[in-house]
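# Secondary and tertiary structure notes
Spelled out, the chains give:
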Amino acid sequence: MPFDKDKLRKKDEERLEEMQREIDEHEESSDELEDNEQVAEVEENADEAVEEPNELESLKEKLAEDEERYKRLQADFENFRRRTRQEKEELSALVVQNFMTELLPMVDNFERALGAEATDGESFKKGVDMIFGQLMEVLKNRGLECIETKEAKFDPNFHQAVMRVENPELEDDSIVAELQKGYMVKGKVIRPAMVQVVSN
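Please read these numbers as outputs of a predicted model, since none were measured by experiment.

### Considering the overall build of the protein chain
Looking only at helices and strands, the protein chain has two helices and six strands in total. Each helix and strand of the protein chain, placed in order from N terminus to C terminus, yields the pattern α-α-β-β-β-β-β-β. Relative to its full complement of 200 residues, the protein chain shows a buried share of 12%. In the protein chain, 61% of the contacts between residues at least 6 apart in sequence involve partners at least 24 apart. As displayed, the protein chain has an accessible area near 17100 Å², and 54% of this comes from carbon and sulfur atoms.

### Regarding the environment of Ala-193
Mapped onto the secondary structure, Ala-193 falls in strand β6 (residues 193–198). When neighbours within four sequence positions are excluded, Ala-193 is seen to be in contact with Ile-147, Thr-149, Phe-158, His-159, Gln-160, Glu-178, Gln-180, Lys-181 and Gly-182.

### A closer look at the confidence of the model for the protein chain
On average, residues of the protein chain score 81 in pLDDT, and 76% of them reach the 70 mark or higher. Mean pLDDT per element in the protein chain: helix α1 (residues 5–115) is the minimum at 76, and strand β4 (residues 183–185) is the maximum at 95.

### Thoughts on the environment of Met-163
In this fold, Met-163 is placed in strand β2 (residues 159–165). The class for Met-163 is partly exposed, based on a relative accessible area of 39%. Taking C-alpha positions, Met-163 is 9.5 Å from Ser-199, a pair spaced 36 residues apart along the chain. The residues touching Met-163, leaving out its near neighbours within four places in the chain, are Leu-179, Val-195, Gln-196 and Val-197.

### Describing the sheet that holds β4
Each strand in a sheet pairs with its neighbour through backbone hydrogen bonds, running either in the same direction (parallel) or in the opposite one (antiparallel). If you walk across this open sheet you meet the three strands as β1-β4-β5, and the pairing is antiparallel. Each having just a single partner strand, β1 (144–146) and β5 (188–191) make up the two edges of the open sheet. The average undirected angle you get between the axes of adjacent strands in this sheet is 40°. In terms of strand pairing, β4 meets β5 through three bridges, oriented antiparallel. Each residue of the ladder has a partner; that of Val-185, found in β5, is Lys-188.

### Observations concerning the pattern of salt bridges
All told, the structure shown has eight salt bridges when counted by the stated rule. With a closest N to O distance of 3.4 Å, Asp-66 and Lys-62 form a salt bridge. Residue Asp-66 and its partner Lys-62 are both found in helix α1; the two are separated by four residues, about one turn of the helix. Since its relative accessible area comes to 30%, Asp-66 is described here as partly exposed. With a closest N to O distance of 2.6 Å, Glu-102 and Arg-142 form a salt bridge.

### Looking at the nonpolar core
Ile-147, Ile-175, Met-184, Ala-193, Val-195 and Val-197 form the largest nonpolar core, which has six residues in total. Residue contributions to this core peak at three residues, all from β6. Discounting chain neighbours no more than four positions away, the residues touching Val-195 are Thr-149, Phe-154, His-159, Gln-160, Ala-161, Val-162, Met-163, Ile-175, Ala-177, Glu-178 and Leu-179.

### A short note on the side chain of Thr-149
Here Thr-149 is to be found in the loop between β1 and β2. In this structure Thr-149 comes out as buried when scored by relative accessible area, which is 9%. Only 3.0 Å separates the side chain of Thr-149 from the side chain of Glu-178, close enough to count as a polar contact. For Thr-149, the residues in contact, after removing those within four places along its chain, are His-159, Ile-175, Glu-178, Ala-193 and Val-195.

The rules behind the values
- Residues numbered from 1 in each chain as written.
- Predicted model: local features only at pLDDT ≥ 70, side-chain atom pairs only at ≥ 80, totals over all residues.
- Heavy atoms only, no water.
- Helix = DSSP H or I, 4+ residues; strand = E, 2+ residues; numbered from the N terminus.
- Buried < 20%, exposed > 50% of the residue type's maximum accessible area, 1.4 Å probe, protein only.
- Contact = heavy atoms within 4.5 Å.
- Areas by Shrake-Rupley, 256 points an atom, 1.4 Å probe, with all protein chains shown as cover.
- pLDDT = per-residue confidence, 0-100.
- Pairing = 2+ DSSP bridges.
- Axes fitted to C-alpha atoms, helices over the stretch in contact; angles between N-to-C directions.
- Salt bridge = Lys/Arg side-chain N within 4 Å of Asp/Glu carboxyl O.
- Core = buried A, V, L, I, M, F, W, Y, C linked by side-chain atoms within 4.5 Å.
- Polar contact = N/O pair within 3.5 Å; in protein donor to acceptor, adjacent residues only side chain to side chain.

Below you can see the structure in the form of structure tokens.
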């Protein structure tokens, strides 16, 4: 059988055309797929873009709510502080008023004693003693206590040593004399007792 060069060339050309068609089809389908992917990506981005503003709006609303809550809390705290201060001032004023009311009978007695004719020194002294007793009773009712120094040892928590003396008959730090009374209110020292202490 003779070799047909033209026939082979024709066959090759057909095969080449077929391959070119396949390549073109593949490129078209790739382009189409790419276009579809791009469209999907654009749509997805568009959805995200829509979600982002919604999320941003939601965050803005939450921030506004938190700010409002903070302002309300701050206002409530300020009101509470003002109310507490006012109540404290009112309570303090009430305590002072009650204390003054308790002292008024002594003021009355002092006025009577000063208005009386000074004929009898003994009765005047009795009147002053009576007023002093009334005053101490009121103060005791308010929690005033006298710091004991008789036959006591020096204690810097309750006593103030203003003089030191030698006395071989007594132990060191023994209190020999009280120069000024000391007082406590409900267990708390408001004035230590001034004392004379033994120091051999």
